[in-house]
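If you want the building blocks of each chain, they are given just below.
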Amino acid sequence: MEEKKSEINGHAGHKCSLPTVSIKSEKKSCKDTCAGFFKRNLLVIMTVSGVLVGVGLGMMVRNMNLTRAQMTYFAFPGEMLLRMLKMIILPLVVCSLISGAASLDTRSLGKLGGIAVSYFLVTTLIASSIGVALAFIIKPGVGAGALNTNNLGLEGVSNNKETADSFLDLARNLFPSNLVAAAFRSVPFGTDTDGMNILGLVLFAMVFGVALRKLGAEGEELIRFFNAFNEATMVLVSWIMWYVPFGIMFLVGSKIVEMEDVVLLVTSLGKYIFASILGHIIHGCIILPLIYFGFTRTNPYSFLSGLITPFTTAFATCSSSATLPTMMKCVEENNGVDKRISRFILPIGATVNMDGAAIFQCVAAVFIAQLNNVHLNAGQIFTILVTATASSVGAAGIPAGGIITIAIILEAIGLPTHDLSLMLAVDWIVDRTTTVVNVEGDALGAGILHHINEQEMKKQKHQQEHQEEQELLEVKVEVVANVKAEEETSPLVTHQNQEENSSRETLNDKDGVESVL
C-alpha cells in the first residue's frame, strides 16, 4: 500500500512539477525575448525617445525667456550632431560611389543606373502630381488674400534670377571647375557660395570608379584603398549613431525654443501646412510602398521598419545629406541590401531624388497663385509639374534647400516671388516630413534595385547551368560519334590494316620457328 501511495504520490508530484517547469521556462523565454528585443532595437528606442524628450524639454525651456546667448548654448549639442554628420558626408559620398561604381560591371552599372534614374523621375513626377491635385482640392490660398508678410512680421525674399539661369547652374554644378573647391562651394545662379557641391562630386566619383575598373589590374590597388576608406568611414558612422539620440533631443528642443508666434503662423497657413503634410503621408505611406511591392512582391512596411533611426534623424535634422550615413548603415545591416547597390544608389538618391520636396513645392506654387488670385491654365500646371520634377534634381539636401526651387517654379509660370517668405516662416514644420519622404524614396529605391540585381544574378546562374548541361550533352554525343567513327573506316585504311595484320602473322610465324629451333 505504501509503495502504491508513493507511486501515486510520485506520479502526482511528477504531474504537478511539469507545469511549474514550463511556466518558469515560459517566463524565462519571455524575459529573454524582451531583453533581446530591447538589445536589438536599443538605438531606435533611444532615438525616438530623444525626439519626445526634446519636445517636452523645448516646451519647458520656452517659458524661461532665454537670451540669444543662452539659446545658443542650449542648441550646442544639436549643432555638434549636425557638424558630425556633415563632416562624414564628403568621404562617405566620394568613397562609396567610387568603390560602388568600380565593383559593378559596366553593363550592370549602366542598367542599374538607368533603372535608378527612371525610378527617381517617375516617383518625383507622381509626387508633383499629388501636390498639385491636393492644392486644387484643399485650396489653401483661396480667401487668404489679406495674408501678407507685413501682418506676420516677415521680411520679403528678393529674387533676381531667370529660370534658364537656374538650369544652367545645374549643369555648372555637374562639372565643377575645381574639384577641391566643390567640396565646400557650389554654383547657384552664377556665383560661388558656401555649401558642398554634392552633384558635381557624385558625377566625378561615378566616372572615376568606372575609369578605375577599366584600368584592370593597375587600378586594383586604388580600388582597395577606397574600399578600406569606405569601411573605416562606416565605422565612424556607427560611433556617431550612438550620439544621435542625445543630439536629436537638443536639436528638436532648440527648434521649439526658437519659435516665435507659432500659433498665428499655423492658423494663417494651416491649410498650406495640412495640404503639404497630407501629400507626404499619401506618397510615403501608400504610393512608394505600392511601387516597392509591385517590384519585389514583399511587404514594404517590414522593410521600412528597419529604418526608424534614419527616419528619426531625417525628421530632426531636415537634411537628406546628413541622414545619408545612418541610412546606409541601416539599409545594409537591417535590410540586407548589397553594399555595392546601397553605396552606389543612396548617395545619388540623396542628391537627385526629392519626392517630398516636389510635393511641398507644387503645393506652395499653387498656394501663391491662389493667394494672388491667379487662375492657372493647363499649360501653367504642366509647367509646374515638369519644372518641379526637373529642378528637384538640383535641390540642395540641406534644411530649407527647396525654397530656392520654389522661386524657379514661380519664375517659370510668371508669378511674383515676394510671398516666398511665407514658405520660409513655416518651412521648419513642413521640411521635417519632406526630408522623411525624400530618404524613404531613396531607401525603397535601393531595395528595388537590390531585388532586381538578385533576380538578374539568378537568371545568369540558371543560364550558366543550362549552358554547362548543353556542353556535357555535346561532349557525350562527340564521344559516341568517335567510337562509331573508329568502326567505320575507309577502304584504304582497311587495306592497310589487312597488310599490317598479315605482316604481324608472318613475324609471329618466324618467332615460332626460331623458338622451335
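This one's a predicted model, so the numbers in the text were calculated from it and none came from an experiment. For every chain, the first residue of the written sequence is number 1, and numbering continues from 1 along that sequence. Local features in this predicted model are restricted to residues whose pLDDT is 70 or higher, and side-chain atom pairs enter the listing and the counts only when it is 80 or higher, whereas totals over whole chains, interfaces and linings include all residues. With hydrogens and water stripped out, all remaining heavy atoms of the structure feed into the side-chain values.

## Re helix 18 (residues 378-391)
Alright, step 1. Its 14 residues give helix 18 an end-to-end C-alpha distance of 20 Å, which sits within 8% of 20 Å, the value for a rise of 1.5 Å per residue.
Alright, step 2. Burial classes: relative accessible area under 20% of the type maximum marks a residue as buried, over 50% as exposed, and values in between as partly exposed (1.4 Å probe, protein chains only). Secondary structure is summarised from DSSP: a helix means a run of H or I of at least four residues, a strand means a run of E of at least two, and numbering begins at the N terminus for each. Along helix 18, the residues classified as buried are Q380, I384, L385, T387, A388, T389 and S391.
Alright, step 3. What qualifies as a polar contact is a pair of N or O atoms within 3.5 Å, subject to a donor-acceptor requirement within protein and to the restriction that residues adjacent in sequence count only when both atoms come from side chains. Backbone nitrogen of G379 and a side-chain oxygen of the N-cap are separated by 3.2 Å at the start of helix 18; the cap is N377. One less than the residue count of a helix, multiplied by 1.5 Å, gives the span that helix is expected to have.

## Thoughts on the side chain of E332
Alright, step 1. Among the secondary structure elements, E332 is positioned in helix 15 (residues 320-335).
Alright, step 2. On the accessibility criterion, E332 (11% relative accessible area) is buried.
Alright, step 3. Of the polar contacts made by the side chain of E332, one reaches the side chain of S342; its length is 2.7 Å.
Alright, step 4. Within polar-contact distance, the side chain of E332 engages the side chain of R343 at 2.9 Å.
Alright, step 5. Residues count as neighbours in contact if any of their non-hydrogen atoms are within 4.5 Å of one another. Contacts of E332, omitting those with residues within four sequence positions, involve M234, V337, K339, S342 and R343.

## Overview of the environment of F208
Alright, step 1. Here F208 lies in helix 8 (residues 198-215).
Alright, step 2. Assessed through its relative accessible area of 28%, F208 is described here as partly exposed.
Alright, step 3. F208 sits 114 residues away from V94 along the chain, and the two C-alpha atoms are 9.7 Å apart.
Alright, step 4. Setting aside residues no more than four positions away along its own chain, F208 makes contact with I98, L222 and F226.

## Quick word on unusual backbone geometry
Alright, step 1. Its identity is not glycine, yet K139 carries a phi of approximately 55 degrees, on the positive side.
Alright, step 2. Summarising the element assignment, K139 is placed in the loop between helix 4 (106-138) and helix 5 (149-152).
Alright, step 3. Even without being glycine, N373 reaches a positive phi, approximately 55 degrees.
Alright, step 4. Its place among the elements puts N373 in the loop between helix 17 (355-371) and helix 18.
Alright, step 5. A relative accessible area of 65% places N373 in the exposed class.

## Observations concerning the confidence of the model for the protein chain
Alright, step 1. Looking at the protein chain as a whole, the pLDDT averages 78, with 75% of positions reaching at least 70.
Alright, step 2. Confidence scores differ between elements of the protein chain, with helix 21 (residues 491-516) showing the lowest mean pLDDT of 48 and helix 12 (residues 270-296) the highest of 94.
Alright, step 3. Confidence drops under pLDDT 50 across residues 509-517; counting only partners more than four residues distant or on other chains, this segment forms zero contacts. Confidence scores here are pLDDT values: one per residue, from the predictor, ranging 0 to 100.

## Some thoughts on the pattern of salt bridges
Alright, step 1. We count a salt bridge whenever a side-chain nitrogen from Lys or Arg sits within 4 Å of a carboxyl oxygen from Asp or Glu. Across all of its chains, the model carries six salt bridges by this definition.
Alright, step 2. The salt bridge involving E332 is made with R343; its shortest N-O contact spans 2.9 Å. Here E332 is found in helix 15, whereas its partner R343 is found in helix 16 (residues 339-352), with eleven residues between them in sequence.
Alright, step 3. We classify R343 as buried; its relative accessible area is 6%.
Alright, step 4. In this structure, D338 engages R340 in a salt bridge whose closest nitrogen and oxygen atoms are separated by 2.9 Å.

## Here's the deal with the environment of V93
Alright, step 1. Residue placement: V93 occurs in helix 3 (residues 68-103).
Alright, step 2. Under the relative-accessibility criterion, V93 is labelled buried at 3%.
Alright, step 3. Sequence separation of V93 and A205 is 112 residues, and the distance between their C-alpha atoms is 8.1 Å.
Alright, step 4. Ignoring any residue separated from it by four or fewer positions in sequence, one finds V93 in contact with V202, L324 and P347.

## As for empty space enclosed by the protein
Alright, step 1. Computed over the protein atoms alone on a 1 Å grid, cavities are sets of points where a 1.4 Å probe fits but cannot get out and pockets are open sets with protein on both sides within 12 Å along at least five of seven lines; a residue lines them when it has an atom within 4 Å of a point. Grid points are joined across faces, edges and corners, and a volume is the space filled by probe spheres set on the points. Counted by the stated rule, this structure contains two cavities of 30 Å³ or more.
Alright, step 2. Here the second largest cavity is characterised by a volume of approximately 50 Å³.
Alright, step 3. Lining the second largest cavity we find S320, T323, L324, M327, L346, A350, V439 and D442.
Alright, step 4. Broken down by secondary-structure element, the contributors of at least two residues to the lining of the second largest cavity are helix 15, helix 16 and helix 20 (420-487).

## Notes on a negative patch on the surface
Alright, step 1. A cluster of acidic residues, E465, E468, E469, E471 and E474, forms a negative patch at the surface.
Alright, step 2. By the secondary structure assignment, E468 is in helix 20. Patches draw on residues past 30% relative accessible area with no salt bridge. Two like charges within 9 Å are joined, as are two nonpolar side chains (Val, Leu, Ile, Met, Phe, Trp, Tyr) within 5 Å. Accessible areas in this description were obtained via Shrake-Rupley with a 1.4 Å probe; residue shielding takes into account the shown protein chains only. Under the convention used here, Asp and Glu are negative, Lys and Arg are positive, and both His and the chain ends fall outside the count. Where a charge lies is defined by one atom per residue type: Lys uses NZ, Arg uses CZ, Asp uses CG and Glu uses CD.

## What about the nonpolar core?
Alright, step 1. For the purposes of this section, nonpolar cores are sets of buried Ala, Val, Leu, Ile, Met, Phe, Trp, Tyr and Cys residues that join through side-chain atoms within 4.5 Å. Of all hydrophobic cores here, the largest spans 67 residues; its most connected members are F303, L307, M327, I345 and L346.
Alright, step 2. Here this core takes 13 residues from helix 3, the largest share from any one element.
Alright, step 3. Setting aside chain neighbours within four positions, we find L307 in contact with M327, C330, V331, N335 and A443.
Alright, step 4. Residues I130, I273, V366 and I429 belong to the second largest nonpolar core, which totals 37 residues.

## Some remarks on the packing of aromatic side chains
Alright, step 1. To pair, rings of Phe, Tyr and Trp, with the six-membered ring standing in for Trp, must have centres within 6.5 Å; the planes then decide the type, stacked if under 30 degrees apart, edge-to-face if over 60, and tilted in the middle. For the structure on display, the rule yields ten aromatic pairs.
Alright, step 2. A ring pair is formed by F225 and F229, whose centres lie 5.8 Å apart and whose planes are at 90 degrees; its orientation type is edge-to-face. In this pair, F225 and F229 both sit in helix 9 (residues 220-241), four residues apart, roughly one turn of the helix.
Alright, step 3. Chaining the aromatic ring pairs together yields one cluster made of F204, F208, F225, F226 and F229.
Alright, step 4. Geometrically, a lysine NZ or arginine CZ counts as sitting over a ring once it is within 6 Å of the ring centre and also within 35 degrees of the ring normal. The aromatic ring of F315 is capped on one face by R432, whose charged end is 5.9 Å from the ring centroid.

## Digging into the environment of F311
Alright, step 1. Structurally, F311 can be placed in helix 14 (residues 308-317).
Alright, step 2. Of the residues examined, F311 reaches a relative accessible area of 16% and is grouped as buried.
Alright, step 3. Separated by 16 residues in sequence, F311 and M327 place their C-alpha atoms 8.3 Å apart.
Alright, step 4. Apart from residues lying up to four places away in sequence, F311 is in contact with L304, M327, V436, V439 and E440.

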